[in-house]
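Summary of structural features
These are the residues of each chain, in order.
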Protein chains: 2
Amino acid sequence: MYKYRIGVVGAMGAVGTEMLATLEKSTLPIAEVIPLDVKENEGKTVSFRGQPLKIKTAEKGAFKGIDIALFSAGETASLHLSPIAREEGAVVIDNSNAFRMEPWVPLVVPEVNPEAAKAHKGLIANPNCSTIQMLVALKPLHDRYKIKRIVVATYQAVSGTGLLAIEELNKQVEAYILGKELPRSVYPHQIAFNALPHIDSFLENGYTKEEMKMFNETRKILDDPEIMVSPTAVRIPVFRCHSEAINIETEKPLPEIAEIVQILDNAPGVKVIDDVQNREYPMPVYLKGTDKVYVGRIRKDFTVPHGLNLWVVADNLRKGAALNAVQIAELLVEKNWLKGE
Amino acid sequence: MYKYRIGVVGAMGAVGTEMLATLEKSTLPIAEVIPLDVKENEGKTVSFRGQPLKIKTAEKGAFKGIDIALFSAGETASLHLSPIAREEGAVVIDNSNAFRMEPWVPLVVPEVNPEAAKAHKGLIANPNCSTIQMLVALKPLHDRYKIKRIVVATYQAVSGTGLLAIEELNKQVEAYILGKELPRSVYPHQIAFNALPHIDSFLENGYTKEEMKMFNETRKILDDPEIMVSPTAVRIPVFRCHSEAINIETEKPLPEIAEIVQILDNAPGVKVIDDVQNREYPMPVYLKGTDKVYVGRIRKDFTVPHGLNLWVVADNLRKGAALNAVQIAELLVEKNWLKGE
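Worth saying up front: this structure is predicted, and the values here are computed from it rather than measured. (Residues numbered from 1 in each chain as written. Chains lettered and ligands numbered in written order. Predicted model: local features only at pLDDT ≥ 70, side-chain atom pairs only at ≥ 80, totals over all residues. Heavy atoms only, no water.)

1. Section: the overall build of chain A
Definition in use: Secondary structure elements follow DSSP: runs of H or I of four or more residues count as helices, runs of E of two or more count as strands, with numbering from the N terminus. Atoms counted for the radius of gyration: C-alpha only. Globule rule: 2.2 Å times the number of residues to the power 0.38. Exposure classes here rest on a 1.4 Å probe applied to the protein chains alone. A residue is buried below 20% of its type maximum, exposed above 50%, and partly exposed in between. Computed by Shrake-Rupley with a 1.4 Å probe, the accessible areas treat only the displayed protein chains as cover when residues are assessed.
The number of helices and strands found in chain A is 7 helices and 14 strands. Over its C-alpha trace chain A gives a radius of gyration of 20 Å, about what one expects of a compact globule, namely 20 Å for 341 residues. C-alpha extents for chain A along the principal axes are approximately 60 × 55 × 45 Å. Within chain A, the fraction of its 341 residues that count as buried is 63%. Summed over its atoms, the accessible surface of chain A is roughly 13200 Å², and 50% of this surface lies on carbon and sulfur atoms.

2. Section: the interface of chain A and chain B
To keep it simple, the criterion reads: By definition, residues are in contact when any of their heavy atoms lie within 4.5 Å. The term buried area means the drop in 1.4 Å probe accessible area that two parts suffer when joined, counted for both and summed. The salt bridge definition used is simple: a Lys or Arg side-chain nitrogen within 4 Å of an Asp or Glu carboxyl oxygen. In protein, a polar contact means a hydrogen-donor-capable atom and an acceptor-capable atom, both N or O and within 3.5 Å, with residues adjacent in sequence counting only if both atoms are side-chain atoms; elsewhere, any N or O pair within 3.5 Å suffices. Residues are sorted three ways: Asp, Glu, Lys and Arg are charged, Ala, Val, Leu, Ile, Met, Phe, Trp, Tyr, Cys and Pro are nonpolar, and all the rest, Gly among them, are polar.
Taken together, the 64 residues of chain A in the interface contact 64 residues of chain B. Buried area between chain A and chain B, summed over both chains or domains, comes out near 5300 Å², and the portion from carbon and sulfur atoms is 62%. Salt-bridge contacts for Glu249(A) lead to Arg149(B); the nearest nitrogen and oxygen are separated by 3.3 Å. At the boundary of chain A and chain B, one finds 42 residue pairs in polar contact (both at pLDDT 80 or more). Elements with a contribution of two residues or more to the side of chain A that touches chain B: β9 (147–155), α4 (163–178), α5 (209–222), β10 (228–232), β11 (242–250), β13 (293–301) and β14 (307–314) of chain A. At 6 residues, the largest contribution of residues to the side of chain A that touches chain B is made by α4(A). Here the residues of the side of chain A that touches chain B are counted per class, giving 38 nonpolar, 16 polar and 10 charged.

3. Points about the relation of the copies chain A and chain B
For clarity, the cut-off: All copies are superposed by least squares; the fitting set is the C-alpha atoms of residues with a pLDDT of at least 70 in both.
Each copy of the sequence occupies a distinct position, and chain A is placed on chain B by a rotation of 180° and an axial shift of 0.0 Å, giving an RMSD of 0.0 Å. Such a combination of turn and shift is consistent with a two-fold rotation axis. Taken as a fraction of all interface residues of chain A, those also at the interface in chain B reach 100%, which identifies the copy contact as same-surface.

4. As for the UniProt feature "active site" (unreviewed entry) in chain A
All names here are of chain A. Which entries qualify depends on this criterion: UniProt positions are given in the numbering used here, feature names are shortened, and annotations may be inferred rather than shown by experiment.
With numbering matched to this structure, UniProt assigns "active site" (unreviewed entry) to Cys129 and His242. With the annotated positions falling across 114 residues, the maximum pairwise C-alpha distance of 8.2 Å places them together in a single cluster. When you line up the elements, cysteine 129 lands in helix α3 (residues 129–145). Ignoring sequence-local partners within four residues, the contact set of cysteine 129 consists of Glu210, His242, Asn316 and Gly320. Polar contacts involving the side chain of histidine 242 include one to the side chain of glutamine 156, which spans 3.5 Å.

5. Focus: the domain arrangement of chain A
Residue and element names in this part refer to chain A. Just so we agree on the cut-off: Domain start and stop positions are those given by an automatic or database domain assignment.
Along its sequence, chain A is carved into domain 1 (4–127 + 321–334) and domain 2 (131–316). One C-alpha centre belongs to domain 1, the other to domain 2, and the line joining them spans 25 Å. Taken together, the contacts link 21 residues of domain 1 with 18 residues of domain 2. Of the roughly 1600 Å² buried between domain 1 and domain 2 on both sides combined, carbon and sulfur atoms contribute 64%. Summed over the three residues of domain 1 that lose the most area to domain 2, namely Met101, Glu111 and Val112, the buried surface amounts to 32% of that side. Linking domain 1 to domain 2 there are 3 salt bridges.

6. Focus on the environment of Lys64(B)
Residue and element names in this part refer to chain B. Considering the arrangement of structural elements, one finds lysine 64 in the loop between β5 (56–57) and β6 (68–71). Spatially, the C-alpha atom of lysine 64 lies 9.0 Å from that of glutamate 87, the residues being 23 residues apart in sequence. Look past the residues within four positions of lysine 64 in its chain and what remains in contact with it is Arg5 and Glu88.

Structure follows, in C-alpha cells:
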C-alpha cells in the first residue's frame, strides 16, 4: 500500500499543532509528516506519535516529495507558497481565506459537499471556522426542508486569532487578578470580560470580512445561490470553541422537534446535546478537543411559518480548522481523488 | 415644594446599590431615602450623598410614610411585600418579574411608553433588562418604519444574576490563574471562559423565561400585539453591561444608514457609537456606569426587503434596572401622576 508524505505548513501555530494531533489519530497511511514553518523556527522540534520532528523552512524546494500539504500559516503564506507547493507536486489543502472564493478552487466540508473535492486542480480550500460548524449542523435540514434564510450571531473564541491571542486573554485575566493594567496588543480593545463585535476587517457595506465569509462561503459550499445569511460575528473571552445562535427559515414545513433531533443526531459529524431540564446544552468550555459539531437549544421559531432556533458549538481549531483539513486529505485518499482533474 | 420619601427594597443588592447611586444624582426632590433589606442586614449601613444610612428590615409597617418604594429584592419579596407597601401608602416601582405581565400593571420604559405609567394602581413594573435596552434602541425605528419581526441573540453580563454571580466569576478567574479547581455555586456550569445558553428557567416550548420575557414584554410595552420576537439569551463572562445582536425586519422601507444613525442618535436615551473604520462600536467593558443605550454596527440586512442589523449595549444595572426605575419615579413626580387612577 502506498504511504503518503504529509507536509504541515505553519506547524508551530495554533491550528498547525492541532493538525499534527489530528494526523496522529488519522487512518491515513502515512509514510512521513514534514513540519514546515518560518525560517526563525527552523530546527525547533514538534512531536508526532511520540517522535520529535525537526521543523524545516517552508520555501521553494521544501515541498518536493510531499503528497499533501496542509497549509495554516495565514493568507500571505498561502498566496506565496501554495503555487510553489503545487508546482513541486503536492496537493494543497489551504486553511486560509486566500483562495476560498476562487471559482477554480473547491471549498469543502466533507460532511456537506464531499463531491466538490473531486475536481480539484491541486488546491482545495478549507472554509472559515464559523461557516464549517454552521453548515455541518444545517446541511441535514437544508437537504430536507430547504433553508431560505439564516440569521446568525457568533460567540467566537480567541484561539481563532492564534496563539498570541490566547496568550493575550491569559495575560489580561492575570493582570486583572493582580490589579494591574491590562496589557493589549493583538486585539484593538480589551478582550477579557468584554465582547468585541469585530472579527477581521470592515468592508464598505458595514459588515466584517468574517461576516461576509459566512454569507459567501455558505452559498458556494451548499451550491445554492439563493440561500440568505445575515450574520453578526462577535469575539468573546473564551479560549476555545465557537458558539453560534442560529435562526433559520425553511421553505417546507418542519416536523416536530423530536424528529428534527433524530435527523440531526443521525447526520454525519453532528451530535445533539439538548436536555434542557437537566441543564444539558453545548458549551464551549466543555467541548475543547472534541471532533463533532454539537447542537442544542433546538426549538421552533413561532414568529415565522417554518422557523427554527439552534445553538451550535464546535472546537474551532479541530472541526473548524485542522480536523476538516485532515478529513479532506482522508477523503482524497479514500476516493482516490488525489490526482484531481 | 413637597419632598419625597423614597424606599429602596433590596438596598444591599447589586441593583439596590445602583438605585442609591442613581438617586444621588436624581433631580427628584428627596426628603429622605430609606434603605430596606432582609432582617439579617438590619443596622448595616449604606451610603447616600456622603451620609451613612442604616438598613431597616423590609416588613409590615416599614413602608409607612414612604411615597415611592423601589423594589429590587427578587420575585418572592415583591409578591410578599408589595401589597403591604401599597397598603401603607407607597407607590411601588417593582424591578422583579412578579407583576410585569399582569393586565392591571403598567410596564414602563420612560423613553418608550411613558403614558402607560399614568393609569397605575399603586404599582408599576420595570421591564426585564434585555427588553429595556432593546426597546430604547428600536422604538424610534418602530415609530417610523413599523418593525414586524426581531431576531435577537444576547450576550449578558453576570451582574444580571446579582452580587454572588459577580463574585463567582471573580473566584473562577482567580482559581484559573492559580491553577486550582474552579469553584461553582451560582450557575449550573462554569461561567469563566464559557458561554451559557441558559438564563432563568426553561419552559415547555424550549425557550427560557428570559427569552419569553423579551417576546411578551416587547408586545406589552410597544402595545403591539403583532410584533414578533425570536430570542436566544446567553450568559457570557462579562461583569457588567448586556450586549445584543439584533436583526429587524420593517414593514416600510428603511432610509439610508446615515439617516438611521441620525434618527437613533436624536432619540431619547440613545447614543450611536458607529465608526468602524476607527474601530469604534459599543463594548460592555467600556460602558460600565453609563446611562444610555449605545448602538453600533448599524448595517442594512440585504437578505430581506427591509432589514437592519444592530449591536446594542447598555449597563444592565443602570438603564437595565436601577436607572429605569428611578426614571419612572421621576416621571410620576414630574407629571404629577403619583396618585394614579
